Amino acid sequence: MSKIWANSGDSHLVEPDGLFEQGLPPALAERMPRSVKDDDGRWETVHVDGQTFRRRIPSRPLRDTETGMTVAERAPGAGDPVLRLKDLDAEGIWAELIYPSIGIWTSSIEDPALLREGVKVINDWAIGFQRTSPRFVCTASVPLLAAHDAVAEIERAAGLGYKAAFFPVAPPPSQPAYQHDVWEPVWAALEETGLVLSFHIGTEPHDAGSRNGTYHSGPGGAVLNYFETTFGGQRCTAQLIASGALDRHPGLRVMVSEGGATWGPFMADRLDEGYRQHASAVRPTLSKPPSRFLYEQVYASFQHDRSAVPAQWAMGWENVMWGSDYPHIEGTFGHTQKTLHELFDDVDEVVRRRITLGAFEELFPHVPPCPAESGD
Ligand code: MN
């Protein structure tokens with residue numbers, strides 16, 4: 001079976017222990033996110049600025065459920081660039097858009113000064129990771145407790161060499177949602193610097209699910225909770241389109257990682273219907289139908305969804321992109337080639353290339369092209 005090479009629109013690194021202790025005064029470092037694992041390795045307690053929450057550690061089904069291995073133990077390349085490239089070569093993954101791991105918990109910090117300084121430490125470390133290989137496209141973290149802090153860090157990150165910025169799918173609880181004008185300077189800064197606005201699903205501040213009534217327990221809870229994570233990416237995309245942010249910033253590109261892709265054409269139709277049928281109540285008016293902004297400026301990655309492939313060839317959304325979610329449990333690490341063959345063996349070559357390589361190349365043209373697109 002020949003190897004199918006793909007870029008990944010959804011990957012993660014694992015920050016080293018002690019990152020904040022090395023980069024911040026002790027009084028600030030102890031308030032940054034850290035994870036303490038139980039002795040049996042099955043649960044962790046995450047501490048963030050005086051808040052604590054318990055989280056079951058994802059472990060692989062079948063054999064690895066017994067070992068209870070953490071991400072770092074299962075995939076040592078998660079935090080080591082040299083080992084990582086070996087994993088990528090074995091899996092057939094060329095370049096990656098890479099999100100933080102512990103850095104995602106910074107969305108629960110409520111002190112602007114702490115967030116501002118902590119994010120700098122994360123970004124100063126992750127840019128070093130990116131510089132080890134042109135195949136790594138790391139996302140800069142952004143302090144979202146004040147728009148001027150966000151703009152300053154976006155500009156600093158662009159100067160460091162970042163090409164993408166990680167945004168949680170909902171801003172901190174003290175801030176208004178993304179359709180509001182307070183974010184306008186942030187969208188302008190992203191457009192100006194060329195950084196891709198990269199949302200990763202499941203990154204709402206930790207208490208958002210409780211407030212929204214979208215944390216499930218009881219029968220089906222695990223599947224229901226996983227299902228719920230997909231909607232955050234759709235909401236923030238709709239907010240950017242309906243509020244006119246993408247209309248005002250035609251150079252702004254949006255990525256939604258890990259949330260599937262078939263929602264794109266569906267949502268485009270729904271937004272157009274609302275915009276057209278409720279025209280008398282619609283504000284602002286847009287220069288073209290909402291669907292056009294989605295089709296032209298928004299990209300999305302999926303891992304296993306068979307329905308995502310026809311979203312490109314049957315529904316016409318060119319910006320469908322595959323993603324491995326390396327090294328996470330929802331992803332394809334260990335079975336990437338099996339998944340890619342199942343998804344693409346019966347698909348037209350042009351479609352396969354667009355989803356596995358082309359959409360990513362369009363979003364990140366600075367990345368050198370994959371030298372061996374298929375074969376061994
Ligand atoms: Mn992911």
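The rules we used
- Residues numbered from 1 in each chain as written.
- Predicted model: local features only at pLDDT ≥ 70, side-chain atom pairs only at ≥ 80, totals over all residues.
- Heavy atoms only, no water.
- Donors = N, O, S within 2.8 Å, 3.2 Å for Na, K, Ca; no water.
- Helix = DSSP H or I, 4+ residues; strand = E, 2+ residues; numbered from the N terminus.
- Buried < 20%, exposed > 50% of the residue type's maximum accessible area, 1.4 Å probe, protein only.
- Phe/Tyr/Trp six-rings, centres within 6.5 Å; stacked < 30°, edge-to-face > 60°.
- Salt bridge = Lys/Arg side-chain N within 4 Å of Asp/Glu carboxyl O.
- Pairing = 2+ DSSP bridges.
- Axes fitted to C-alpha atoms, helices over the stretch in contact; angles between N-to-C directions.
- pLDDT = per-residue confidence, 0-100.
- Contact = heavy atoms within 4.5 Å.
- Disulfide = S-S within 2.5 Å.
- Polar contact = N/O pair within 3.5 Å; in protein donor to acceptor, adjacent residues only side chain to side chain.

1. Some remarks on the coordination of the manganese ion
Thinking step 1. Summarising the metal site, the manganese ion is bound by the protein donors Asp10 (OD), His12 (NE2), His200 (NE2), Glu258 (OE) and Asp325 (OD), whose distances to it range over 2.0 to 2.2 Å.
Thinking step 2. Here the donor residues of the manganese ion are spaced in sequence according to D-x1-H-x187-H-x57-E-x66-D. Taken together, the positions of Asp10 in strand β1 (residues 6-12) and Asp325 in the loop between β11 (320-322) and α16 (336-344) put the pair 315 residues apart, joining distant regions of the chain. When sorted by exposure, Asp10 lands in the same class as Asp325, which is buried.

2. Observations concerning the packing of aromatic side chains
Thinking step 1. Overall, the coordinates contain 15 aromatic pairs when judged by the stated rule.
Thinking step 2. An angle of 50 degrees between the planes, with centres 5.9 Å apart, marks the rings of Trp125 and Phe129 as tilted. Taken together, the positions of Trp125 and Phe129, both in helix α6 (residues 112-130) and 4 residues apart, correspond to about one turn of that helix.
Thinking step 3. Looking at Trp125, the relative accessible area reads 22%, which means it is partly exposed.

3. Topic: the pattern of salt bridges
Thinking step 1. Counted by the stated rule, this structure contains 19 salt bridges.
Thinking step 2. For the salt bridge of Arg116 with Asp149, the shortest nitrogen-to-oxygen distance reads 3.2 Å. You can see Arg116 sitting in helix α6 and its partner Asp149 sitting in helix α7 (residues 147-160), a full 33 residues away along the chain.
Thinking step 3. A residue is classified by how much of its surface remains accessible, and Arg116, at 30% relative accessible area, is partly exposed.
Thinking step 4. For Lys338, the salt bridge goes to Glu342, with nearest N and O atoms at 2.9 Å. Taken as a pair, Lys338 and Glu342 lie in helix α16 at a separation of 4 residues, close to a single helical turn.
Thinking step 5. Relative accessible area serves as the criterion here: at 53%, Lys338 is assigned to the exposed category.
Thinking step 6. Look at Glu342 and you get partly exposed, because its relative accessible area is 41%.
Thinking step 7. One network of salt bridges, with partners in common, ties together Arg116, Glu117, Lys120 and Asp149.

4. Here we look at α16
Thinking step 1. Most of α16 is tucked away: 7 of the 9 residues are buried.
Thinking step 2. Among all positions of α16, only Thr336, Gln337, Thr339, Leu340, His341, Leu343 and Phe344 are buried.

5. Digging into the sheet that holds strand β3 (residues 43-48)
Thinking step 1. What the 3 strands build is an open sheet, ordered β2-β3-β4; its pairing is antiparallel. With partners counted over all chains shown, the strands left at the sheet margins are β2 (34-37) and β4 (51-56), one partner each. Each strand axis lies, on average, 25 degrees off the axis of its neighbour in the sheet, ignoring direction.

6. Some thoughts on the pairing of strand β5 (residues 93-99)
Thinking step 1. Burial runs high along β5: 7 of the 7 residues are buried.
Thinking step 2. In this sheet, β5 lies alongside β1 in parallel orientation, the contact comprising 4 bridges. Opposite Ala6, over in β5, you have Ile93 as the bridge partner.
Thinking step 3. As paired elements, β5 and strand β6 (residues 136-141) share 3 bridges and run parallel to each other. Note on β6: the bridge partner recorded for Ile98 is Cys138.

7. Comments concerning the confidence of the model for the protein
Atomic detail in the predicted coordinates should be set aside for any region of low pLDDT.
Thinking step 1. A residue-level look at the protein finds 92% of positions with pLDDT of 70 or above and a mean pLDDT of 91.
Thinking step 2. Scored below 50 in pLDDT, residues 60-67 shows 15 contacts in the model against residues more than four places distant or in partner chains.

8. With respect to the pairing of strand β9 (residues 254-257)
Thinking step 1. Neither face of β9 is open: one carries Val254 and Val256, the other Met255 and Ser257, and all of them are buried.
Thinking step 2. Pairing analysis gives 4 bridges linking strand β8 (residues 196-200) to β9, with the strands arranged parallel. Bridging from a neighbouring strand, Ser198 pairs with Met255 of β9.

9. Remarks on the state of the cysteines
Thinking step 1. Counting across every chain of the model gives 0 disulfides.
Thinking step 2. Unpaired in this structure, Cys138 has its nearest cysteine sulfur neighbour in Cys370, at a distance of 19 Å.

10. Concerning the side chain of His200
Thinking step 1. Here His200 is to be found in strand β8.
Thinking step 2. Classification of His200 as buried rests on a relative accessible area of 5%.
Thinking step 3. At 3.2 Å, the side chain of His200 and the side chain of Asp10 are in polar contact.
Thinking step 4. At a separation of 3.1 Å, a polar atom in the side chain of His200 contacts the side chain of His12.
Thinking step 5. What His200 contacts, discounting residues up to four positions off in sequence, is Asp10, His12, Tyr99, Phe166, Phe167, Val169, Ser257, Glu258 and Asp325.

11. Topic: the sheet that holds β1
Thinking step 1. Spatially, 8 strands are ordered β1-β5-β6-β7-β8-β9-β10-β11 in an open sheet, and the strand pairing comes out parallel. Two strands in the sheet have a free side with no partner beyond their single neighbour: β1 and β11. For this sheet, the mean angle separating the axes of adjacent strands, direction not counted, is 25 degrees.
Thinking step 2. Of the pairings in the sheet, the one linking strand β10 (residues 298-302) to β11 comprises 3 bridges and is parallel in character. Bridged to Ala300 within β11 is Val320.

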